[in-house]
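Residue-level listing of the chains:
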Amino acid sequence: MLEISNLHVKLEEEDKQILKGVDLKVGAGEVHAIMGPNGSGKSTTSYVLSGRDGYVVTEGSAKLDGEELLDMDPEERAAAGVFLAFQYPVEIPGVGNMTFLRTAVNAQRKARGEEELSATDFLKLVREKAKSLKIDAEMLKRPVNVGFSGGEKKRNEILQMAMLEPKLCILDETDSGLDVDAMKLVSDGVNALRDGKRSFVVITHYQRLLDHIKPDVVHIMYDGRIVKSGGPELALEVEHNGYADILAEVEKA
Ligand code: ADP
Ligand code: MG
Ligand code: MG
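Rules behind the numbers
Residues numbered from 1 in each chain as written. Chains lettered and ligands numbered in written order. Predicted model: local features only at pLDDT ≥ 70, side-chain atom pairs only at ≥ 80, totals over all residues. Near = placed C-beta within 6 Å. Helix = DSSP H or I, 4+ residues; strand = E, 2+ residues; numbered from the N terminus. Nonpolar A, V, L, I, M, F, W, Y, C, P; charged D, E, K, R; others polar. Pairing = 2+ DSSP bridges. Contact = placed C-beta atoms within 7 Å. Axes fitted to C-alpha atoms, helices over the stretch in contact; angles between N-to-C directions. UniProt positions renumbered as here; feature names shortened; annotations may be inferred. Parallel < 35°, antiparallel > 145°, perpendicular 65-115°, else oblique. Left-handed = near helix turned anticlockwise from the far one by under 90°. Buried ≥ 20, exposed ≤ 12 C-beta atoms within 10 Å, placed from the backbone. Arc of directions from axis to C-beta.

- The chain has the name FeS assembly ATPase SufC in an unreviewed UniProt entry, where Celeribacter indicus is given as its organism.

Re the site of ligand 1
Then, number 1: Taken together, Leu11, Ile18, Gly36, Asn38, Gly39, Ser40, Gly41, Lys42, Ser43, Thr44 and Gly54 are the residues near ligand 1.
Then, number 2: Among the elements that make up the shell around ligand 1, the one with the highest residue count is helix α1 (residues 42-50) (3 residues).
Then, number 3: Here the residues of the shell around ligand 1 are counted per class, giving 2 nonpolar, 8 polar and 1 charged.

Quick word on the sheet that holds strand β5 (residues 67-68)
Then, number 1: Taken in spatial order, the 4 strands of this open sheet run β2-β1-β4-β5, and their pairing is antiparallel. Of all the strands in the sheet, just β2 (17-26) and β5 have a single pairing partner and so form its edges.
Then, number 2: Here strand β1 (residues 2-11) runs beside strand β4 (residues 55-64); their pairing, made up of 8 bridges, is antiparallel. Residue pairing across strands places Ser5 opposite Ser61, the latter belonging to β4.
Then, number 3: Helix-sheet contacts for α1 involve β1, β2 and β4, and the interaxial angle to β4 is about 70°.

Topic: the UniProt feature "domain: ABC transporter" (unreviewed entry) in the chain
Then, number 1: When the UniProt feature table is mapped onto this chain, "domain: ABC transporter" (unreviewed entry) is found at residues 2-248.
Then, number 2: For residues 2-248, helix accounts for 40% and strand for 28%, while the C-alpha atoms at its two ends are 29 Å apart.

Looking at the sheet that holds strand β6 (residues 82-85)
Then, number 1: The strand order β6-β9-β10-β3-β11-β12 describes an open sheet built from 6 strands, whose pairing is mixed. The open sheet has two free edges, formed respectively by β6 and β12 (225-230), since each of these has just one partner strand. In this sheet, adjacent strand axes meet at a mean angle of 20° when their direction is disregarded.

Description of the packing of helix α3 (residues 97-111) against helix α6 (residues 150-164)
Then, number 1: Viewed as axis vectors pointing N to C, α3 and α6 meet at an angle of 30°, and their least axial separation amounts to 9 Å. It follows from the interaxial angle that α3 and α6 lie roughly parallel. Crossing geometry of α3 relative to α6 is assigned as right-handed. Seen from α3, the contacting residues are Asn97, Leu101, Ala104, Val105 and Gln108; seen from α6, they are Asn156, Gln160, Met163 and Leu164.
Then, number 2: Its residues assigned to classes, the contact of α3 with α6 comprises 5 nonpolar, 4 polar and no charged.

Comments concerning helix α9 (residues 233-241)
Then, number 1: Considered for burial, the residues of α9 that qualify are Leu234, Ala235 and Val238. Looking down the long axis of α9, one finds its buried residues gathered within 105° of arc, a one-sided arrangement. Projecting away from the buried face of α9 at angles above 90 degrees are the exposed residues Glu233, His240 and Asn241.
Then, number 2: Lining the buried residues of α9 we find β3 (31-35), α8 (207-212), β11 (217-222) and β12.
Then, number 3: Just past α9, the residue Gly242 takes up positive phi, approximately 70°.

Re the pairing of strand β9 (residues 168-172)
Then, number 1: Burial within β9 is extensive, with 5 of its 5 residues counted as buried.
Then, number 2: Side chains Leu168, Ile170 and Asp172 project from β9 onto one buried face, and the interleaved Cys169 and Leu171 project onto a second face that is buried too.
Then, number 3: Note that β6 and β9 share 4 bridges and pair parallel. When the sheet's bridge partners are listed, Val82 is paired in β9 with Leu168.
Then, number 4: Pairing of β9 with strand β10 (residues 199-203) involves 5 bridges; the strand directions are parallel. When the bridges of β10 are listed, Cys169 appears paired with Phe200.

Next comes the structure, spelled out in structure tokens:
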């Protein structure tokens, strides 16, 4: 499903190489976690997959179901089924949350050659999904993320994800700044989207999220590369010992 090979990325503004050969293969229905020290390139990887400006791919590829994502503009990637839940969800003053969701869902459906949802069907769907994430009607009416608490923003990201039904969900530190209850809601929301086909890349600093969203594979990113991969036990090792041992082992090899 997702196959990143030898991905090299530098900043557009300055001659700084951020990603130095990322390799990552995520099969259909799999959940992969990416951990790693601050500044390793985790967010950059997610930005580059979603097509954000400011980064230049100097080498490598990133394919979704065999199609090169890096050749697509951000809208095409979204239509192809890539969804990125941001570490810092953006506020969009003046655009109602409901309007935003409806526009996004219908754009997605159009790109897939499906008919737009009727106003009634859309309302039904959004209310049902919002309810499970404990997002009330008031929050749906307010401008996107404006004045939302950290936890509300993250839940709203998961609502967008649930509405768009992407093929590949990338979550960048969706757990950071969440209290235990909010993290449970977010995790339940993500788990509800697991269907054996949809794939997930979950970027996190904390093992505790992975207690809720059980990963198939855990990767450690360091200095622009995936330096180690393993099962869920790798996340526990990080939790207990930090990165020092793993990185020392990598340096030696
Ligand atoms: P992580 O998410 O693993 O903490 P990032 O992908 O955010 O790491 O950043 C990787 C490195 O690239 C860091 O050294 C960061 O400072 C640098 N970097 C990323 N984006 C920019 C940018 N737009 N301008 C300057 N430096 C950047
Ligand atoms: Mg960071
Ligand atoms: Mg980051």
